[in-house]
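Listed here are the chains, written in short residue letters.
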Amino acid sequence: MFSYPSVLDELALASRRLPDSPIRFDDGGEYRIEIPSVESTEAFRIVIQECERQGVPLHRISQGSGITVLTDDTLREYVAIGADHNVEVCLFIGPRAAWDGNAASALTADGGIFGARHIGVAALRAAWEDVERAVDSGLRSLLVADEGLIALIGQAQAAGDLPSDLIVKASALMGIANPLGARALEQAGAHSLNIASDTTLGDLAAYRQLTRGALDMYIEGQDGLGGFMRYHDLPEIVRIGAPVHLKFGLRNAPAFYPAGEHLAAVVASSAKARVARARAGLEHLWRGRPDAAPSAVDGKRDGVPVPA
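Presented here is a report on the structure given in the accompanying data block. As the structure is a computational prediction, the values presented were derived from the model and not from experiment.

### Considering the pattern of salt bridges
Part 1: Evaluated as defined, the whole model comprises 20 salt bridges.
Part 2: Across the salt bridge formed by R133 and D72, the nearest N and O atoms sit 2.6 Å from each other. Taken as a pair, R133 in helix α5 (residues 120-137) and D72 in helix α3 (residues 72-85) lie far apart in primary sequence, 61 residues in all.
Part 3: Through salt bridges with shared partners, a single network forms among E34, R60, E88, K169, D216 and K247.

Written as structure tokens, this is what we have:
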């Protein structure tokens, strides 16, 4: 009679018991706050101002338009702002299949999984050039949606060819589907894993059973990722999933990747609204689990940029 591998039994047990996570960030924190879709340096400054005004600890910002479309001056400005305020700056690597024309299947319903990946050797080489340019500028956190590029970065980091404090964040667009897949990405070199925002608490416990690094979750996700809102689950998400980056997107908001000056107003207003959502989420967390420990905003952390 066929029997399941023991790892599946262990995951099933964790998903029923929902144990406290024993893992923490290096500084002892259980959670960090991430504001995603910060698509300009102007929006970055707005996020910093709003976080200070609303008492939101800001640990990381991320951006989806990609390094490819940033000028060198803009890239250096992101680095300088992040370094000045001790904020991890996580920028997306490009090019992407849905944009570069290398894979028509990326634009089809069945082939959408290819959308943010690097199709073919030429696209992978171009993505690697983004990595080199980013690291040379002082960036220390990369948003990646391709398994091959994660493996390539991981090998280069293990060989000492990339900085040891470089963070590789596996994007939500990768569609991480289960804990075994998450562990494979972690073993390949990902340090931060963006799992689906509709992940059940039981499955969250199973992810934590098999992974040691940070998990990332949209507490509110954009419509393209389902638009789910997990505010009331925040105390349990932190208890079970620590260390976890709590991400605050916006439901019912316009899509604006890749952004630019033509979308400056909506980028700025969305950045401000995301901070307000983060404050609302924190209040849910404080009410349900007032002893939950955030990472310090002024401590040394991998991923914070280092001006070149």
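There is more to say after this.
### So, the sheet that holds strand β8 (residues 244-248)
Sheets are built from strands paired through backbone hydrogen bonds, the pairs being either parallel or antiparallel.
Part 1: With parallel pairing, the eight strands of this closed barrel are ordered in space as β1-β2-β3-β4-β5-β6-β7-β8. On average, each strand axis in the sheet is tilted by 25° relative to the strand beside it, whichever way the strands run.
Part 2: Here three bridges tie strand β6 (residues 192-194) to strand β7 (residues 214-220), and the two strands are oriented parallel to one another. Residue pairing for β7: N194 is matched across the bridge by D216.
Part 3: Across the sheet, α3 lies against β2 (60-63) and β3 (88-92), angled at about 155° from β3, the strand it touches most.

### Here we look at the environment of F114
Part 1: As for its placement among the helices and strands, F114 is situated in the loop between α4 (97-100) and α5.
Part 2: According to the relative accessible area criterion, F114 is partly exposed, its value standing at 36%.
Part 3: Once you skip the residues sitting within four places of it in the chain, F114 turns out to touch A97, S105, A106 and I119.

### Looking at the packing of aromatic side chains
Part 1: This model, assessed by the stated rule, comprises three aromatic pairs.
Part 2: With a centroid separation of 6.2 Å and 35° between ring planes, the pair formed by Y231 and F248 is classed as tilted. Within this pair, whereas Y231 is found in the loop between β7 and α9 (234-241), its partner F248 is found in strand β8, the two being separated by 17 residues in sequence.
Part 3: Seen in terms of ring centroids, F256 and Y257 are 6.0 Å apart; in terms of plane orientation they differ by 70°. Their pairing is edge-to-face.
Part 4: A residue is classified by how much of its surface remains accessible, and F256, at 5% relative accessible area, is buried.
Part 5: Seen from the ring of F25, R32 lies directly overhead, with NZ or CZ sitting 3.9 Å from the centre.
Part 6: A cation over a ring is seen here: R96 above F92, with NZ or CZ 3.9 Å from the ring centre.

Quick notes on the rules
Residues numbered from 1 in each chain as written. Predicted model: local features only at pLDDT ≥ 70, side-chain atom pairs only at ≥ 80, totals over all residues. Heavy atoms only, no water. Salt bridge = Lys/Arg side-chain N within 4 Å of Asp/Glu carboxyl O. Helix = DSSP H or I, 4+ residues; strand = E, 2+ residues; numbered from the N terminus. Pairing = 2+ DSSP bridges. Axes fitted to C-alpha atoms, helices over the stretch in contact; angles between N-to-C directions. Contact = heavy atoms within 4.5 Å. Buried < 20%, exposed > 50% of the residue type's maximum accessible area, 1.4 Å probe, protein only. Phe/Tyr/Trp six-rings, centres within 6.5 Å; stacked < 30°, edge-to-face > 60°. Lys NZ or Arg CZ within 6 Å of the ring centre and 35° of its normal.

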